[in-house]
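Below are the chains, spelled out letter by letter.
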Amino acid sequence: QEVYNLFIGILKDKILEVIELARQKHNLDTALGNGVYFTGGGANIDWLVEKIGQTCDFNYQISQNPLLDVSNGLIKIINQHEVYQKYFINNPIKQ
């Protein structure tokens with residue numbers, strides 16, 4: 001239980017850190033008001049997603065096909081990077 005609580009605490013801190021970093025660059029209040037959408041392999045760990053949603057106190061949804069969401073999204077971003085460049089937290093893609 002102690003290790004579990006420590007793990008959830010670290011996850012919560014990292015999620016909130018990423019949200020704050022993104023908020024500094026973009027107006028995320030509206031987006032966060034709509035909730036967070038979980039994708040990727042972690043979305044298949046039901047208890048983890050539920051615990052993160054409860055701990056961070058935001059609405060959330062889980063993708064219907066989380067294992068393909070990440071690769072499909074990356075393909076879209078790579079093919080249209082100029083459209084999504086304003087959402088990058090770090091350096092833009094250089095050609």
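Sequence order as written defines residue numbering, which begins from 1 separately in each chain. It should be noted that, the model being predicted, local features are given only for residues of pLDDT at least 70 and side-chain atom pairs only at 80 or more, the latter also being counted only at that level, while totals for whole chains, interfaces and linings use all residues. Side-chain measures here rest on the full set of heavy atoms in the structure, leaving out hydrogens and waters.

**Points about the overall build of the protein chain**
- For the protein chain, the helix and strand inventory stands at five helices and two strands.
- Out of the 95 residues in the protein chain, the part that is buried amounts to 20%.
- The contacts in the protein chain between residues at least 6 apart in sequence include a share of 57% that link residues at least 24 apart.
- Note on areas: Shrake-Rupley with a 1.4 Å probe; residue coverage comes only from the protein chains shown. On the protein chain, roughly 7,300 Å² of surface is accessible, and the fraction owed to carbon and sulfur atoms is 54%. Only DSSP runs of H or I reaching four residues or more are called helices, and only runs of E reaching two or more are called strands; each is numbered from the N terminus. Under the scheme applied here, a residue whose accessible area is under 20% of the maximum for its type counts as buried, over 50% as exposed, and between as partly exposed, the area being computed with a 1.4 Å probe on protein chains only. Contacts were defined at the residue level, with two residues in contact if any of their heavy atoms lie within 4.5 Å.

**Considerations on the side chain of S63**
- You can see S63 is positioned in the loop between β2 (60-62) and α4 (66-79).
- Exposure remark for S63: the relative accessible area of 8% places this residue in the buried category.
- Here the side chain of S63 touches N65 through a polar contact of 3.0 Å, landing on its backbone nitrogen.
- The contact partners of S63, leaving out residues within four places of it in the chain, are Y37, F38, T39 and D69. Two N or O atoms form a polar contact when they lie within 3.5 Å of each other; inside protein one atom must be a possible hydrogen donor and the other a possible acceptor, and for residues adjacent in sequence the pair counts only when both atoms belong to side chains.

**Some words on the packing of aromatic side chains**
- Each pair of aromatic rings taken from Phe, Tyr and Trp, with Trp reduced to its six-membered ring, is defined by centres within 6.5 Å and is described as stacked if the planes are under 30 degrees apart, edge-to-face if over 60, and tilted in the remaining cases. Following the criterion strictly, the structure yields one aromatic pair and no others.
- Ring centres of F38 and Y60 lie 6.0 Å apart, and the angle between their planes is 80 degrees; this geometry places the pair in the edge-to-face category. With a gap of 22 residues between them, F38 in strand β1 (residues 36-38) and Y60 in strand β2 connect regions that are remote in the sequence.
- The class for F38 is buried, based on a relative accessible area of 13%.
- According to the relative accessible area criterion, Y60 is partly exposed, its value standing at 31%.

**Description of the environment of Q64**
- Here Q64 lies in the loop between β2 and α4.
- The spacing of Q64 and T39 is 25 residues in sequence and 8.6 Å in space, taken between C-alpha atoms.

**Description of the confidence of the model for the protein chain**
- Summary statistics for the protein chain give a mean pLDDT of 77 and a share of 78% for residues scoring 70 or more.
- Summary of the metric used: pLDDT quantifies the predictor's per-residue confidence within the range 0 to 100. The least confident element of the protein chain, judged by mean pLDDT, is helix α2 (residues 29-34) at 65; the most confident is α4 at 88.

**Considering the nonpolar core**
- Take the buried residues of types Ala, Val, Leu, Ile, Met, Phe, Trp, Tyr and Cys, join any two whose side-chain atoms come within 4.5 Å, and each joined set is a nonpolar core. Judged by nonpolar contacts, I8, F38, A43, L48, V49, I52 and F58 together constitute the single largest core of seven residues.
- When residues of this core are assigned to their parent elements, the largest contribution, three residues, is made by helix α3 (residues 46-56).
- Excluding residues that lie within four positions of it along the chain, L48 makes contacts with F7, I8 and L11.

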